[in-house]
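# Observations on the model geometry
Chain residues, written in single-letter form:
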Amino acid sequence: MSAPVQAPAPAPAPAQPASGPISDNDVNEWKARLNEVLADPGGVVKSKSPATARPWHESFFGCFSPIDLCLVTYCCPCVTFGKTHHRLRKDPNLAGYEPINTSCLGIWAAGCLCLYWVPLAMQRADVRAKYNLQGDCITDIAAACCCGLCSLVQQEKEAEYQGLQGEANKQPYQAPGGMTYPAAPQQ
C-alpha cells in the first residue's frame with residue numbers, strides 16, 4: 001500500500017493593509033502630541049502665541065452659522081472634531097476624509113471618561129499654531145470646558161477658511177486680459 005498523497009499547502013494570502021477607521025499614523029501623532037504635553041505640562045500651560053499672532057477670522061460665538069455645521073456638531077461632535085483634524089493634518093479640502101476616523105473615535109473615548117476637553121484643547125492649540133492665531137493654553141482649556149461645541153465649530157470654520165486661503169495663495173498668477181475697446185460704429 002502506498003501512503004496517501006497530500007495536497008500541497010496553499011500559499012499564504014498576501015498581507016493586506018488594515019483598512020477601517022483607525023489609522024496607525026493618526027494614533028502615533030496623538031501619542032506623540034500627548035507625550036509632548038505630559039513631558040512639560042507647566043511649559044504647555046504657560047505657552048502663548050507669539051506677538052506676531054493674528055486674530056481669529058471666525059468668531060467664537062458664531063457657532064450657529066452655518067446651521068448644518070452647528071447641528072452636526074451638536075448631534076455628533078466627534079465627527080466635526082475628526083473633520084478639523086483631517087483639515088489640519090492631511091488635506092484642507094478633505095480629500096480622503098471619512099466621518100468616522102481615529103480622531104473622531106479618540107475624542108468619543110475621551111468623552112466617555114469625561115476628558116473630552118483634553119483633545120479638544122490640544123486641537124485648538126494646533127489650530128492656533130498652524131495658522132499663527134492669538135491665544136494661550138488657558139484660553140484653549142477654558143473654551144473646551146465651558147463651551148466645547150462653540151470651540152469645535154470655530155476650529156472647523158477657521159481651518160476651512162485658512163485652508164481655502166492657502167489654496168488661493170498657491171494658484172499661479174495670471175495676468176488679467178488685455179483691455180479692449182468697443183468697436184467703432186460703422187457709418
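Predicted, not measured: the structure shown is a model, and the values here were computed from it.

## What about the nonpolar core?
Nonpolar side chains tend to gather and get buried jointly when the protein is soluble and globular. The biggest cluster of nonpolar side chains holds 14 residues, and the ones touching the most others in it are Cys78, Val79, Phe81, Ile107 and Leu120. Among the elements of the structure, α1 (24-39), α4 (77-89), α5 (102-112) and α6 (117-131) are those that each provide at least two residues to this core. Look past the residues within four positions of Leu120 in its chain and what remains in contact with it is Phe81, Ile107, Ala144, Gly148, Leu152 and Gln155.

## Considerations on the pattern of salt bridges
For the structure shown, the criterion picks out 10 salt bridges. One salt bridge connects Glu29 with Arg89, and the closest N-O pair in it is separated by 3.9 Å. Placement of the pair is Glu29 in helix α1 and Arg89 in helix α4, with a sequence separation of 60 residues. Note on Arg89: relative accessible area 39%, which makes it partly exposed. Close ionic contact of Arg33 with Asp126 constitutes a salt bridge, the shortest N to O distance being 2.9 Å. Remark: Asp126 occurs in helix α6 and Arg33 occurs in helix α1; sequence separation between them is 93 residues. Take Arg33: its relative accessible area is 15%, and that puts it in the buried class. Take Asp126: its relative accessible area is 14%, and that puts it in the buried class. Taken together, the salt bridges that share partners define one network made up of Glu29, Arg33, Glu36, Arg89 and Asp126.

## Examining the state of the cysteines
Here a disulfide denotes a covalent bond joining the sulfur atom of one cysteine to the sulfur atom of another. Considering all chains together, one arrives at zero disulfides under this definition. Among the cysteines around Cys114, which has no disulfide bond, Cys112 carries the closest sulfur, lying 8.7 Å off.

## Notes on the packing of α1 against α6
Between α1 and α6, the least distance of the axes is 12 Å, while the angle of their chain directions is 90 degrees. Here α6 runs roughly perpendicular to α1, going by the angle between their axes. Residues Trp30, Arg33, Leu34 and Val37 of α1 pack against Pro119, Met122, Gln123, Ala125 and Asp126 of α6. Here the contact of α1 with α6 is composed, by residue class, of six nonpolar, one polar and two charged.

## Section: the packing of aromatic side chains
Per the counting criterion, the structure on display carries two aromatic pairs. Centroid distance Trp30 to Phe81: 5.8 Å. Interplanar angle 25 degrees. Geometry classified as stacked. Highlighted residues: Trp30 in helix α1 and Phe81 in helix α4, separated in sequence by 51 residues. Here Trp30 and Phe81 have matching classes, each one buried. Summarising the aromatic geometry, the rings of Phe60 and Phe61 are spaced 4.9 Å apart at their centres and angled 85 degrees between planes, so their arrangement reads as edge-to-face. Among the residues examined, Phe61 registers a relative accessible area of 64% and is labelled exposed. Over the ring of Trp56 we find Arg124, and its NZ or CZ is 4.5 Å from the ring centre.

## As for α4
Here α4 is 13 residues long and its end C-alpha atoms lie 18 Å apart, about the 18 Å a rise of 1.5 Å per residue gives. Of all 13 residues in α4, 10 are buried, a share of seventy percent or more. Residues of α4 that are buried: Cys78, Val79, Thr80, Phe81, Gly82, Thr84, His85, His86, Arg87 and Leu88.

## Here's the deal with the packing of α4 against α5
Remark: α4 packs on α5, axes separated minimally by 7 Å, with the N-to-C direction vectors making an angle of 135 degrees. Looking at the two axes, α4 sits oblique to α5. The crossing of α4 and α5 is right-handed. Judged by residue contacts, Cys78, Val79, Phe81, Gly82 and His85 of α4 engage Ser103, Cys104, Ile107 and Trp108 from α5. Of the residues assigned to the contact of α4 with α5, the class counts are six nonpolar, three polar and no charged.

The rules behind these values
Residues numbered from 1 in each chain as written. Predicted model: local features only at pLDDT ≥ 70, side-chain atom pairs only at ≥ 80, totals over all residues. Heavy atoms only, no water. Core = buried A, V, L, I, M, F, W, Y, C linked by side-chain atoms within 4.5 Å. Buried < 20%, exposed > 50% of the residue type's maximum accessible area, 1.4 Å probe, protein only. Helix = DSSP H or I, 4+ residues; strand = E, 2+ residues; numbered from the N terminus. Contact = heavy atoms within 4.5 Å. Salt bridge = Lys/Arg side-chain N within 4 Å of Asp/Glu carboxyl O. Disulfide = S-S within 2.5 Å. Axes fitted to C-alpha atoms, helices over the stretch in contact; angles between N-to-C directions. Parallel < 35°, antiparallel > 145°, perpendicular 65-115°, else oblique. Nonpolar A, V, L, I, M, F, W, Y, C, P; charged D, E, K, R; others polar. Phe/Tyr/Trp six-rings, centres within 6.5 Å; stacked < 30°, edge-to-face > 60°. Lys NZ or Arg CZ within 6 Å of the ring centre and 35° of its normal. Expected span 1.5 Å × (residues − 1). Left-handed = near helix turned anticlockwise from the far one by under 90°.

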